[in-house]
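Architecture at a glance
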Amino acid sequence: MALLQISEPGQSPEPHQRKLAVGIDLGTTNSLVAAMRLGKPETLPDLSGRHILPSVVRYLPAGEVVVGDEARDAIFEDSRNTISSVKRLMGRGVDDVKTLGDCLPYEFIQSETEMPYIRTEAGDKSPVEISSEILKSLSVRAQETLGGDISGAVITVPAYFDEAQRQATKDAAKLAGLHVYRLLNEPTAAAVAYGLDRGAEGVHAIYDLGGGTFDISILRLNKGVFEVLSTGGDSALGGDDFDHAIAQWILKESGQECVGTSVARQLMEIARGLKEQLTDADSVNVNVDTGCFTWQGVLTREVFHSLVDPLIAKTVRACKRALRDANLGPGDIHDVVMVGGSTRVLRVREKVADFFGATPLCDIDPDRVVAVGASIQADVLAGNKPDDEMVLLDVIPLSLGIETMGGLMEKIIHRNTTIPVTRAQEFTTFKDGQTALAVQVVQGERELVSDCRSLAKFELRGIPPMVAGSARIRVTYQVDADGLLSVSAKELTSNVETNVEVKPSYGLSDNEVTRMLKDSFDFAEGDKDARALAEERVEADRQLEALRQALAENGEELLSADERKQLHQLMEALAISKQGEDSVAIRKAIDELNSTSEVFAARRMDKSINQALSGQSIDNLGEE
Ligand code: ADP
Ligand code: MG
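Residues numbered from 1 in each chain as written. Chains lettered and ligands numbered in written order. Predicted model: local features only at pLDDT ≥ 70, side-chain atom pairs only at ≥ 80, totals over all residues. Heavy atoms only, no water.

What to know about the packing of helix 5 (residues 186–193) against helix 10 (residues 369–381)
For the pair helix 5 and helix 10, the least separation of the axes is 7 Å and the interaxial angle reads 80°. Compared by their axis directions, helix 5 and helix 10 come out roughly perpendicular. Contacts between helix 5 and helix 10 involve Glu-186, Ala-189, Ala-190, Val-192 and Ala-193 from the former and Val-369, Val-370, Val-372, Gly-373, Ala-374, Ile-376 and Gln-377 from the latter. Residue classes in the contact of helix 5 with helix 10 are distributed as 9 nonpolar, 2 polar and 1 charged. (Axes fitted to C-alpha atoms, helices over the stretch in contact; angles between N-to-C directions. Helix = DSSP H or I, 4+ residues; strand = E, 2+ residues; numbered from the N terminus. Parallel < 35°, antiparallel > 145°, perpendicular 65-115°, else oblique. Contact = heavy atoms within 4.5 Å. Nonpolar A, V, L, I, M, F, W, Y, C, P; charged D, E, K, R; others polar.)

Right, dumping it as structure tokens:
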């Protein structure tokens, strides 16, 4: 499948000019930036050679901002101004944060806008601003290492992130001066790092155990596109819990009852060090000297495993649930990819292998694999690859449809459909003898055309006059690899055809897309009512029109004056209720008119059969 390169209008890349594109893993605990160097994707170190940037931001009174290891060191001494795990607050409203806020050491400020702010010594900061500091720091690092301006970035987000969380991430990037080629799901990035997108079609599990979160994603590779079949996990389970278990063990072994918070924090730091050493060593010496108590002992890998087994079992249960949600069993999984620093723990690998019955992929450093995958995608999107290596597909952000009778939006291509795509639908004429059809191309998620965006209008003319409902007009929507939409309409009995080209993917800013999506969710209920009303009105018009014609043709001949009067009254009643807003009332009027006009319809039927029979032999009829 050829790559779909989408460049901004007027910004198409010069051929032969390599662009500096980066992939960024904006994590809850740690963040990384990666880029293609000499044809290989690599994470980029800071000046002291550290690849991992702790996702911690500290604000100093003078307005100075410190990001990373130095900020993390101040988490306890300056907790109000030192913000960690800000990813948990992204795209959240003030109300969401109220519940979370009680457990956090920050002072939250109610704002007029939807966003919660954190009060720091350097002013009130939104989660978007705080995240942008992490992105800025990574962007500066990349410019220094790569020696040039960054043309764009692929930033990863959890697969379960909703529109608001994704939008907040994009806004943070904009604030950091980064051009976002696209957001990419973290599990997809990990799969891309292992080249699974170029492998056989199949289902893969991405097991991501980080510092404070666990995510399991079941992905299916289908025609070069990763579909998320299900996601699951635990937003409060990660390596921090491993540290906590070790700290508890130290307290128990050393006979300490309970200790103050500062000692507890020191123990957590010690525990993290022991845990990480146990990845390579069978046992480690424990030396605790907190000032409050001292203790020496040995922690073996065996004991460590017994401490974390209940935690790992929790993740396995989440895997089971995610598989069940996708209607699959462990045996259906082709590859299992290990992501997140905590999957370094050998016991985690063992238990995951046991559950899926397959050796998980862990050759690529699990801390870095997401950033690596993102950088591969970024390089492709920047246009640095020859065409035949391009495998990336894009989706349309908003549904494309057509206006039907009553001002309704009929979706032809649904949002998130991968492009290129062609979809056709058949329509028919509304009136007898109708020779033209107006096609209005609309984009959006709402039920009424007036709430969507009109992209184009054109007419199909020269339809041969036919009875209403017998013309067959096929309308075809085709979106090509560049996101260009062309629409054609063809009357199938006469082959009359017309078409237009429209450009749907440009002209709508991301904010507009988000607003339109948000509206479609907010108004879904009201829209359903509006659709019902519009549908009943169309049906009322159709009935009235048909009956008027029939009455004009043989009302006098087939109906008594009383019968005609009754029908006219019911038609009048329907015409009136059609003006109102009550779809149920219109339906009732239609039904009443229908049941009363049945007799008339039956008589008309008899008459036409008699006409057909007169002057024809039964034999002739049989041949028809
Ligand atoms: P996130 O995706 O949440 O930002 P990471 O994937 O960077 O987090 O994982 C961070 C966690 O990985 C921390 O709890 C850290 O202690 C743990 N970790 C890092 N290296 C090791 C190791 N060698 N052994 C065990 N745990 C590790
Ligand atoms: Mg992560």
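Quick notes on the packing of helix 6 (residues 239–254) against helix 8 (residues 301–325)
When two helices pack together, their arrangement is given by the angle between their axes and by how far apart the axes lie. Packing of helix 6 against helix 8 brings their axes to within 10 Å, and their N-to-C directions diverge by 135°. On the basis of their axis angle, the class for helix 6 and helix 8 is oblique. Crossing geometry of helix 6 relative to helix 8 is assigned as right-handed. Residue-level inspection shows Asp-241, Phe-242, Ala-245, Ile-246 and Trp-249 of helix 6 in contact with helix 8, the latter providing Val-303, Phe-304, Leu-307, Val-308, Leu-311 and Ile-312. Grouping the amino acids of the contact of helix 6 with helix 8 by side-chain chemistry returns 10 nonpolar, no polar and 1 charged. (Left-handed = near helix turned anticlockwise from the far one by under 90°.)

Focus: empty space enclosed by the protein
In this structure the tally under the stated criterion is 4 cavities of 30 Å³ or more. If you add up the space inside the largest cavity, you get close to 70 Å³. Around the largest cavity sit Pro-158, Ala-159, Tyr-160, Glu-186, Pro-187, Ile-206, Asp-208, Asp-215, Ile-216, Ser-217, Thr-231 and Gly-232, which together line it. At the level of secondary structure, the elements contributing two or more residues to the lining of the largest cavity comprise helix 5, strand 13 (202–209), strand 14 (214–222) and strand 15 (225–234). A per-element tally of the lining of the largest cavity places strand 14 first, with 3 residues. (1 Å grid on protein atoms, 1.4 Å probe; cavity = no way out; pocket = protein on both sides within 12 Å on 5 of 7 lines; lining within 4 Å. Points joined across faces, edges and corners; volume = space filled by probe spheres on them.)

Overview of the site of ligand 1
Close to ligand 1 lie 17 residues; Thr-29, Asn-30, Lys-275, Glu-276 and Gly-341 are nearest. Within the backbone of Thr-28, a nitrogen or oxygen atom sits 3.4 Å from an oxygen atom of ligand 1. Contact between ligand 1 and Thr-29: an oxygen atom at 2.8 Å from a main-chain N or O atom of the residue. Protein chains shield 90% of the accessible area of ligand 1, which is 580 Å² for the free molecule. At the level of elements, helix 6 and helix 7 (261–277) are the ones that each hand at least two residues to the shell around ligand 1. Here the residues of the shell around ligand 1 are counted per class, giving 1 nonpolar, 11 polar and 5 charged. (Near = heavy atom within 4 Å. Polar contact = N/O pair within 3.5 Å; in protein donor to acceptor, adjacent residues only side chain to side chain. Areas by Shrake-Rupley, 256 points an atom, 1.4 Å probe, with all protein chains shown as cover.)

Focus: the pattern of salt bridges
Taken as a whole and assessed by the stated rule, the structure comprises 30 salt bridges. The closest approach of N and O atoms between Asp-46 and Arg-50, which form a salt bridge, is 3.2 Å. Here Arg-603 and Glu-563 are joined by a salt bridge, their closest N and O atoms 3.1 Å apart. Taken together, the residues Arg-603 in helix 14 (residues 583–613) and Glu-563 in helix 13 (residues 561–579) connect sequence positions 40 residues apart. Residue Arg-603 is classed as partly exposed on the basis of its relative accessible area, which comes to 28%. (Salt bridge = Lys/Arg side-chain N within 4 Å of Asp/Glu carboxyl O. Buried < 20%, exposed > 50% of the residue type's maximum accessible area, 1.4 Å probe, protein only.)

Digging into the sheet that holds strand 25 (residues 453–460)
The strand order across the open sheet formed by 4 strands is 21-20-24-25, and the pairing between neighbours is antiparallel. Of all strands in the sheet, those bounded by a partner on one side alone are strand 21 (408–413) and strand 25. In this sheet, neighbouring strand axes are inclined to one another by 30° on average, regardless of whether the strands run parallel or antiparallel. (Pairing = 2+ DSSP bridges.)

A few points about unusual backbone geometry
As a rule of thumb, non-glycine residues mostly have phi less than zero, and peptide bonds are mostly trans rather than cis. For Leu-38, which is not glycine, the phi torsion reads 50° and is therefore positive. As for its placement among the helices and strands, Leu-38 is situated in the loop between strand 2 (30–37) and strand 3 (40–43).

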